[in-house]
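What follows is each chain in one-letter form.
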Amino acid sequence: MRKTLLFVAGAMLLLFASCKKEYKADEVNITISDSTEIATDTVGAPLTGEIWDEEHRFCQETDSGQLVRVKILHENGTKAFEVEMDEEGNPKEGVFYNEKGEVVTPEQFVARYSDIIKKYGWAM
């Protein structure tokens, strides 16, 4: 269920860029079945690539329409958070990073980056 909310909520605000093509959020469709969510373009072809928000700080990576990874970036462009999905589409344990790209504990991250938690905490 968390994966569904993450993908659907995020896709509505995002841009998709892959293979030198860029898709606006309203050109990305999400089809939800009993066990999977599939991102497609308006023609119905499954998307493989990255869906970014307008600030280029939140990214959902898809492979053949399936969510495989979520990334959040710090303002300086370094990775702040990353989580991969398992074969069933469930999130694995996420990894948190400071602005220098060093791995930090979730507690250290929350203490230092409350602005990111407030904005993207639902995706973590």
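Keep in mind the model is a prediction, meaning the values are calculated, not measured.

> What is the right way to look at the pairing of strand 7 (residues 66-73) in this model?
If a strand is regular, its side chains alternate between the two faces of the sheet. Summarising burial for strand 7: six of the eight residues are buried, a large majority. Sheet topology places strand 6 (residues 58-63) next to strand 7; six bridges connect them, and they run antiparallel. Bridged to Gln60 within strand 7 is Val70. Where strand 6 folds back on strand 7, the antiparallel hairpin that results is connected by two residues, among which Ser64 adopts a positive phi of roughly 50°. Taken together, the five bridges between strand 7 and strand 8 (residues 79-84) define a ladder with antiparallel strand orientation. From the neighbouring strand, Lys71 faces strand 8, where its bridge partner is Glu82.

> It is not clear to me how the packing of aromatic side chains should be interpreted in this structure. Could you clarify?
Two descriptors summarise a pair of aromatic rings, namely the distance from one centre to the other and the angle between the planes of the rings. Across all of its chains, the model carries five aromatic pairs by this definition. Seen in terms of ring centroids, Phe58 and Trp122 are 5.4 Å apart; in terms of plane orientation they differ by 40°. Their pairing is tilted. With Phe58 in strand 6 and Trp122 in the segment after helix 3 (114-120), the pair connects residues that are 64 residues apart, well separated along the chain. Residue class for Phe58 comes out buried when judged on its relative accessible area of 2%. Looking at Trp122, the relative accessible area reads 40%, which means it is partly exposed. A ring pair is formed by Phe109 and Tyr113, whose centres lie 5.0 Å apart and whose planes are at 45°; its orientation type is tilted. A network of ring pairs unites the aromatic residues Phe81, Phe96, Phe109 and Tyr113 as a single cluster.

Definitions and limits used
- Residues numbered from 1 in each chain as written.
- Predicted model: local features only at pLDDT ≥ 70, side-chain atom pairs only at ≥ 80, totals over all residues.
- Heavy atoms only, no water.
- Buried < 20%, exposed > 50% of the residue type's maximum accessible area, 1.4 Å probe, protein only.
- Helix = DSSP H or I, 4+ residues; strand = E, 2+ residues; numbered from the N terminus.
- Pairing = 2+ DSSP bridges.
- Phe/Tyr/Trp six-rings, centres within 6.5 Å; stacked < 30°, edge-to-face > 60°.

Treat this as a map of the structure, not an account of what it does.
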